[in-house]
Amino acid sequence: METKTDRFMQSIPEIIRTIPLTHYILLSSALFAIGVLGVLTRRNALIVFMAIELMLNAVNLLLAAFSSYFSDPAGQIFVFFIMAVAAAEVAVGLAIIVMIYRNIQTIDIGLLNKLRN
Amino acid sequence: MEVSNYWYFLSGLTLLSALMVVLSKNPIHSVLYLVFTFFCISGHYVLLNAQFLMAVNIIVYAGAIMVLFLFVIMMFDLKKNIPDSKTNLTKLAGTVVAGSVLVILVAAFRTIQYPTPDESTFNPNNGMVENLGKVLYSEYLLPFELVTVLFFVAMVGSVMLGKREVGDRNF
Amino acid sequence: MTPVIALSLFGIINLFLGFTFKRQSLQVVTLLFIICSMALTAMDWNHEYLWFGDMMKTNNLSINFSLIIQLAGLLVVAFSNGFGKDEVYTQPAEYYAILLFSLVGALLMVSFQNLIMLFVGLEILSVAMYVLTGSDKRNLRSNEAALKYFLMGSFATGFLLFGIALVYGSTRSLYISGILYNLSHTAPESLPSFLYAGIILMGIGLLFKISAAPFHFWTPDVYEGAPTIFTMFMSTVVKTAGFAAIYHILDVTFGGFQKNWIITVYFITIITLILGNISAAYQQSAKRMLAFSSISHAGYMLLTVCANQPSTSSNILYYSLAYTLATAVSFAVLMVVAEYQTGRTEKPENFDALNGLAKNNPSLAFAFTVALLSLAGIPLTAGFWGKFFVFTDMFNKNLTYPIIIAVLMSAVGIYYYFKGIISVYFNSGEIEKIETSFLFKIALWSACIGTLVLGIYPTLLKSIF
């Protein structure tokens, strides 16, 4: 007798059958480009940092898609490492931003250039 | 409802909330949109049968990293920082660069003929915890242990940079 | 693999030693640790090992790169003088521990066989440098340098990761051996087109880290803002490790696809040479001039990466060694002079602050002169042979235009390097005798003598490389 779980398990490959891999690559590239836009356009250091996290997540999505389509766990393992490194970078980055805020009470990266001179 | 309709809806949500992250004026709104983006990406992981990755994404990214961001934002007095826009020329240049990155990537992918994955080699256990655990602790043990060094550096560095010296103001 | 384990353990031990030891003893202990790990590295000479199932490889090339990187670390620790006497605002135990951990990251970058190891090593090195750049917490320029380095470095890591993801998607393997096998067994028409985009994106990510133009905009501000001792570390270790990674990726893994990436890297090299040298000629500050000079030296080393001859790896090694010795000495002299001149002059790092150094400090002046001559590529110093080997590579590949530009730019380089020599010997200024510690003098003299010996007998080390 076919249980609900069996029908659910059989429907998982349907995603891989109906959505070609190029759609995932396009989605991931669009997310990456939005992240690049955020880094280049914004002046608030925290928002620039969040855009960088968006870029890393686009890469995560692409790697997970490749891993599922090839049935190769190496892609998902790489995603773990990217997440671990991103967490460590967030810790250090926020410490740097807090240190700057203590000194000049603002996190506007355009203002730092003028202060130097 | 077909599965591909789910996919297009979820992708549209992801792209929309990612755009709102970058374009919001208020940083707290950006953080909340980013959390929503992470949830949408976790939904994509479910569709790809990467179930452990979905859970880890929500716990680590939306649960730990975004909470750190919110802590730091709440510590700052943001009323003084709202006017945050570069000159229009810089914004235009940035948009052009990002747009050209997107156009180049899309053009590179347009002409590929990607082979569809065949049913015989498909492994339905691919995203499950046991399978990933077996691979991580046997084949990828060395980078797993070496990430410890990275965490050491991050711990020592963030305490060193973030601690309050004698005489510093405490916000 | 043993030096990686050893350096990690030594870093942890250093953190605990900070409770009891004084600063000068910490410096000596760290020196002994690095010498011990250099001995462990050299013990594997002429053996080839693959560690943990093709994750890391130890062969003569990786041992040579590891020795150069650890030598640079040794020089940085020797020149550091225990980080001064300021008890409250400097924490020497933590600085030495983070230096040792970043050496671990650099060692991973030179001996990787899997792209995950490249990424982990690169991030260990980069995060350690973000922390050390911002370590002078009260100085606004150090804060700005840390933030800029952090944001630009993470941006570059994003590009590198996207490139790695695309390469993984097209070759279905993260191991270098797997990539080479899959690429050689597939017909070129059936390779997905995003493989080429992946190669270029990986190249861009790595070129950011070695500050090739047009990705060099972070370098002058970061090098100038960071404390000089950590600038010395950045410009020697990070560059050498970065070039080892670029050599492994572009020349070894994707050497067969050279016609896809050669045009991009070609133009990047030419722009780097021109921008680096011409901008350096305009600088008033000696530290900023040395930052731009490091950009131009990255351009010279990229020339031999473009050429991709069998002798490329040994030329990169020789050039890195010559550049490391010369840069360490020049930054060391700048450091002690700037420390002496703070409070006495407006801008303690300009060329004017060096005026009249030769009158009371002949050894410092001589060392500085030898270092600048080596950077400029004057014969009888190691830098000359470095440039000579690089130009020979380009001749063998019949690429003539970059050689003409490189020779012209070397001539421009002579101008701004000689500005330093002239201000040391021929301008008049009042600098008293500067007291330097014993370790500082030993490191200074051994680096100088190394430069001169390698300039007269290049085959001494070229035969080993």
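It should be emphasised that the depicted structure is a prediction, and the values quoted were computed from it without experimental measurement.

Summing up its helical and strand segments, chain B has 6 helices and 0 strands in all. Secondary structure elements of chain B occur, N-terminal to C-terminal, as α-α-α-α-α-α. A buried classification covers 43% of the 171 residues belonging to chain B. The contacts of chain B with a sequence gap of at least 6 include a subset with a gap of at least 24, amounting to 51%.

Right, let's get into the packing of aromatic side chains. Counting across every chain of the model gives 39 aromatic pairs over all chains. Relative to Y223 of chain C, the ring of W218 of chain C lies with its centre 6.4 Å away and its plane at 70°, an arrangement referred to as edge-to-face. For W218 of chain C, a relative accessible area of 5% corresponds to the buried category. Clustering of aromatic rings is evident, with ring pairs tying together F49 of chain A, F69 of chain B together with Y130, Y149, F150, W218 and Y223 of chain C. Taking the ring centre of Y340 of chain C as reference, the NZ or CZ of R344 of chain C above it sits at 4.1 Å. Over the aromatic face of Y300 of chain C sits the side chain of K387 of chain C, whose NZ or CZ is 4.7 Å from the ring centroid.

Before going further, it helps to examine the interface of chain B and chain C. Counting from both sides, the interface comprises 24 residues of chain B and, opposite them, 39 residues of chain C. Together chain B and chain C conceal approximately 2,800 Å² of surface at their shared face, both sides included; 80% is due to carbon and sulfur atoms. Linking chain B with chain C are 0 salt bridges. At the boundary of chain B and chain C, one finds 3 residue pairs in polar contact (both at pLDDT 80 or more). Those elements that place two or more of their residues in the side of chain B that touches chain C are helix 4 (88-110) and helix 6 (141-162) of chain B. Of the residues forming the side of chain B that touches chain C, the biggest block, 12 residues, is contributed by helix 6 of chain B.

Describing two packed helices takes the angle between their axes plus the distance from one axis to the other. Where helix 3 (residues 45-70) of chain A meets helix 2 (residues 27-47) of chain B, the closest approach of the two axes is 11 Å, and the angle between their N-to-C directions is 5°. Taken together, the axes of helix 3 of chain A and helix 2 of chain B are roughly parallel relative to one another. Residues I47, M50, L54, N57, N60, L61 and A64 of chain A of helix 3 of chain A touch helix 2 of chain B, and the partners they reach there are P27, S30, V31, L34, T37, F38, I41, H44 and Y45 of chain B. Its residues assigned to classes, the contact of helix 3 of chain A with helix 2 of chain B comprises 11 nonpolar, 5 polar and no charged.

A few words on the UniProt feature "transmembrane region" (unreviewed entry) in chain B. Annotation from UniProt places "transmembrane region" (unreviewed entry) at residues 6-24, 31-48, 54-76, 88-109 and 140-161 of chain B. This span, residues 88-109 of chain B, is 100% helix and 0% strand, and a straight line between its end C-alpha atoms measures 32 Å.

Take the nonpolar core next. With 291 residues, the main nonpolar core has F78 of chain A, Y140 of chain B together with F79 and F254 of chain C as its most contacted residues. For this core, the element with the highest residue contribution is helix 4 (residues 74-104) of chain A, accounting for 23 residues. Viewed by domain, this core spans two of them, domain 1 (1-80) and domain 2 (128-164) of chain B, each represented by three or more residues.

Listed under "domain: NADH:quinone oxidoreductase/Mrp antiporter transmembrane" (unreviewed entry) in the UniProt record, and renumbered for this structure, are residues 114-410 of chain C. With 77% helix and 0% strand, the stretch residues 114-410 of chain C has end C-alpha atoms that lie 37 Å from each other.

Moving on: the side chain of S67 of chain A. Along the polypeptide, S67 of chain A turns up in helix 3. Setting aside its immediate chain neighbours within four residues, S67 of chain A contacts D72, P73, G75 and Q76 of chain A, N126 of chain B together with Y168 of chain C.

Criteria and cut-off values
- Residues numbered from 1 in each chain as written.
- Chains lettered and ligands numbered in written order.
- Predicted model: local features only at pLDDT ≥ 70, side-chain atom pairs only at ≥ 80, totals over all residues.
- Heavy atoms only, no water.
- Helix = DSSP H or I, 4+ residues; strand = E, 2+ residues; numbered from the N terminus.
- Buried < 20%, exposed > 50% of the residue type's maximum accessible area, 1.4 Å probe, protein only.
- Contact = heavy atoms within 4.5 Å.
- Phe/Tyr/Trp six-rings, centres within 6.5 Å; stacked < 30°, edge-to-face > 60°.
- Lys NZ or Arg CZ within 6 Å of the ring centre and 35° of its normal.
- Buried area = accessible area lost by both parts, 1.4 Å probe.
- Salt bridge = Lys/Arg side-chain N within 4 Å of Asp/Glu carboxyl O.
- Polar contact = N/O pair within 3.5 Å; in protein donor to acceptor, adjacent residues only side chain to side chain.
- Axes fitted to C-alpha atoms, helices over the stretch in contact; angles between N-to-C directions.
- Parallel < 35°, antiparallel > 145°, perpendicular 65-115°, else oblique.
- Nonpolar A, V, L, I, M, F, W, Y, C, P; charged D, E, K, R; others polar.
- UniProt positions renumbered as here; feature names shortened; annotations may be inferred.
- Core = buried A, V, L, I, M, F, W, Y, C linked by side-chain atoms within 4.5 Å.
- Domains from an automatic or database assignment.

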